[in-house]
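Architecture and fold: a report
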Amino acid sequence: MVTLIDKRFPSDAPRVRHPEKAHRPDQPMLRKPEWIRVRAPSSNGFLATRAIVRNHGLATVCEEAGCPNIGECWEKRHATMMIMGDTCTRACAFCNVATGLPRPLDEDEPQRVGDAVAALGLEHVVITSVDRDDLDDGGGKHFAATISAVRSHAPGTSIEVLIPDFLRKAGALDRVVEARPDVLNHNLETVPSLYVRIRPGARYFHSLRLLQQAKEMDPSLFTKSGLMVGLGETRDEILQVMDDMRSAHVDFLTIGQYLAPSPKHAAVKRYVPPEEFADLKRIALAKGFLVVAASPMTRSSYHAGDDFRRLKAARAADLARASDR
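Residues numbered from 1 in each chain as written. Predicted model: local features only at pLDDT ≥ 70, side-chain atom pairs only at ≥ 80, totals over all residues. Heavy atoms only, no water.

Describing the pairing of strand 11 (residues 252-257)
Burial analysis of strand 11 places 6 of its 6 residues in the buried class, the great majority of the element. Of the two faces of strand 11, both are covered, the one formed by F252, T254 and G256 as well as the one formed by L253, I255 and Q257. The sheet contact formed by strand 10 (residues 222-229) and strand 11 spans 6 bridges and is parallel. Bridging from a neighbouring strand, V229 pairs with Q257 of strand 11. Traced from strand 10 through helix 9 (residues 235-247) to strand 11, the parallel crossover comes out right-handed. Pairing of strand 11 with strand 12 (residues 291-294) involves 4 bridges; the strand directions are parallel. (Buried < 20%, exposed > 50% of the residue type's maximum accessible area, 1.4 Å probe, protein only. Helix = DSSP H or I, 4+ residues; strand = E, 2+ residues; numbered from the N terminus. Pairing = 2+ DSSP bridges. Right-handed = clockwise from strand over helix to strand, strands pointing away.)

Regarding the packing of aromatic side chains
If you walk through the whole model with that rule in mind, you get 5 aromatic pairs. Both rings, one in Y204 and one in F205, keep their centres 5.0 Å apart while their planes meet at 85°; by these two values the pair is edge-to-face. Ring pairing ties together the aromatic residues Y195, Y204 and F205, which thus form one cluster. Between R246 and the ring centre of F289, over which it is positioned, the NZ or CZ distance is 5.5 Å. Above the plane of the ring of F222 lies R315, whose end atom (NZ or CZ) is 3.7 Å from the centre. (Phe/Tyr/Trp six-rings, centres within 6.5 Å; stacked < 30°, edge-to-face > 60°. Lys NZ or Arg CZ within 6 Å of the ring centre and 35° of its normal.)

Things to note about the pattern of salt bridges
Per the counting criterion, the structure on display carries 22 salt bridges. Linking R180 and D218 is a salt bridge whose minimum nitrogen-to-oxygen distance equals 3.3 Å. With R180 in the loop between helix 6 (172-178) and strand 9 (183-185) and D218 in the loop between helix 8 (204-217) and strand 10, the pair connects residues that are 38 residues apart, well separated along the chain. For R309, the salt bridge identified is with D306, shortest N-O distance 2.2 Å. One end of the pair is R309 and the other is D306, both in helix 11 (residues 304-324) and 3 residues apart, which spans about a single turn. (Salt bridge = Lys/Arg side-chain N within 4 Å of Asp/Glu carboxyl O.)

Considering the environment of V61
Within the secondary structure, V61 sits in helix 2 (residues 61-64). Look past the residues within four positions of V61 in its chain and what remains in contact with it is G66, T80, M82 and T128. (Contact = heavy atoms within 4.5 Å.)

Section: the side chain of D137
Along the chain, the position of D137 falls in the loop between strand 7 (124-129) and helix 5 (140-153). R175 provides the closest opposite charge to the buried, salt-bridge-free D137, at an N-O distance of 4.2 Å. Within polar-contact distance, the side chain of D137 engages the backbone nitrogen of G139 at 2.9 Å. (Lys, Arg positive; Asp, Glu negative; His and termini not counted. Polar contact = N/O pair within 3.5 Å; in protein donor to acceptor, adjacent residues only side chain to side chain.)

Thoughts on the sheet that holds strand 8 (residues 158-162)
Here we have 8 strands laid out as an open sheet, ordered 3-4-7-8-9-10-11-12, and mixed in their pairing. With one partner strand each, in any of the chains shown, strand 3 (59-60) and strand 12 form the two edges of the open sheet. Packing of helix 11 onto the sheet brings it into contact with strand 7, strand 8, strand 9, strand 10, strand 11 and strand 12, and relative to strand 12 it is tilted by some 150°. (Axes fitted to C-alpha atoms, helices over the stretch in contact; angles between N-to-C directions.)

Here's the deal with the nonpolar core
Side chains of nonpolar character tend, in soluble globular proteins, to be buried together. The biggest cluster of nonpolar side chains holds 42 residues, and the ones touching the most others in it are I127, F143, V161, I163 and L184. Each residue touching I127, except ones within four places of it in the same chain, is listed here: M81, I83, V113, F143, T146, V150, I159, E160, V161 and L162. Of all hydrophobic cores here, the second largest spans 41 residues; its members include A93, A248, A260 and V292. (Core = buried A, V, L, I, M, F, W, Y, C linked by side-chain atoms within 4.5 Å.)

Observations concerning the environment of H56
Residue placement: H56 occurs in the loop between helix 1 (44-55) and strand 3. For H56, a relative accessible area of 17% puts it in the buried group. Along the backbone, H56 and Q111 are 55 residues apart, and their C-alpha atoms lie at a distance of 9.6 Å. Discounting residues that sit within four places of it in the chain, H56 has contacts with R112, D115, A116 and A119. A polar atom in the side chain of H56 sits 2.8 Å from the backbone oxygen of I52.

Examining unusual backbone geometry
One non-glycine residue, M84, adopts positive backbone phi at about 70°. Secondary-structure assignment places M84 in the loop between strand 4 (81-83) and strand 5 (87-88).

Overview of the pairing of strand 8
The two faces of a sheet get side chains in turn, since along a regular strand they alternate between them. Among the 5 residues that make up strand 8, 5 are buried, leaving the element largely enclosed by the rest of the structure. Sheet topology places strand 7 next to strand 8; 5 bridges connect them, and they run parallel. Bridging from a neighbouring strand, V126 pairs with E160 of strand 8. Inspection of the sheet shows strand 8 paired to strand 9 by 3 bridges, in the parallel sense. Looking at the pairing, L162 lines up with N185 of strand 9. Crossover connection from strand 8 via helix 6 to parallel strand 9: handedness right-handed.

In structure tokens, the structure reads:
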């Protein structure tokens, strides 16, 4: 369980990590089933990855969001960079990233990300961010600069960006797409009926349109989106979101189990068994997604490098079939 009191560095005074959640009544915490168990990270590979991240003064969503897969991923040096600081301007009910007024952008951060990617020797990197509603462009320019820096420092590395919704930030998406990442991801997170409770600062159809616009700007760009389940959504709602994503020409879908970071966050309504994830994957592939990752422990950047190779192979096979018709 994640504490609501946050102390990042020895010199920091303790602060409330989620001031907007601190006075909420505790939500019931369902007992985790056996298929949710993970081991605490302790390997040499994990420690080496952490050292590189620390030495470059970077934040990762792996740590800030309390990802359960951090031990497995960091053992392989697969850290997901989180740019534009460690404090988000949104207060999503599911998220463990700290909420508050962020610090000004660090103009040197893109170069440090590039250096760190090279030091980690990554074939594929995922770069995400906090929401920065305080910035005129939502951080679009900063994303573009980070993509450029990774291209410079690690030219053989494929780049996946997991972007915020850039709500009311005209031109922000254009800047990111023009920087030519290999994969553009924006998670819808949940079904429309739960947005007010789970993702109150976002708008479902804006997020859907964002994904569609990215594909319109660059049809060669792979687009990706993800859903959490176990928040109270229905099966029919999940299937409708799949159809909505396909109408926006999303290539890659991830589906994973929601895990509550603390009793102050949205409650887990249900733990979805592995066989239901397998069924959802089968249905999603039948709907036309090139790649689907669906399991209790699936997260946006989990096995992202392997999935990118599958994505390229699936598109190549799709194009070959089309040419044979």
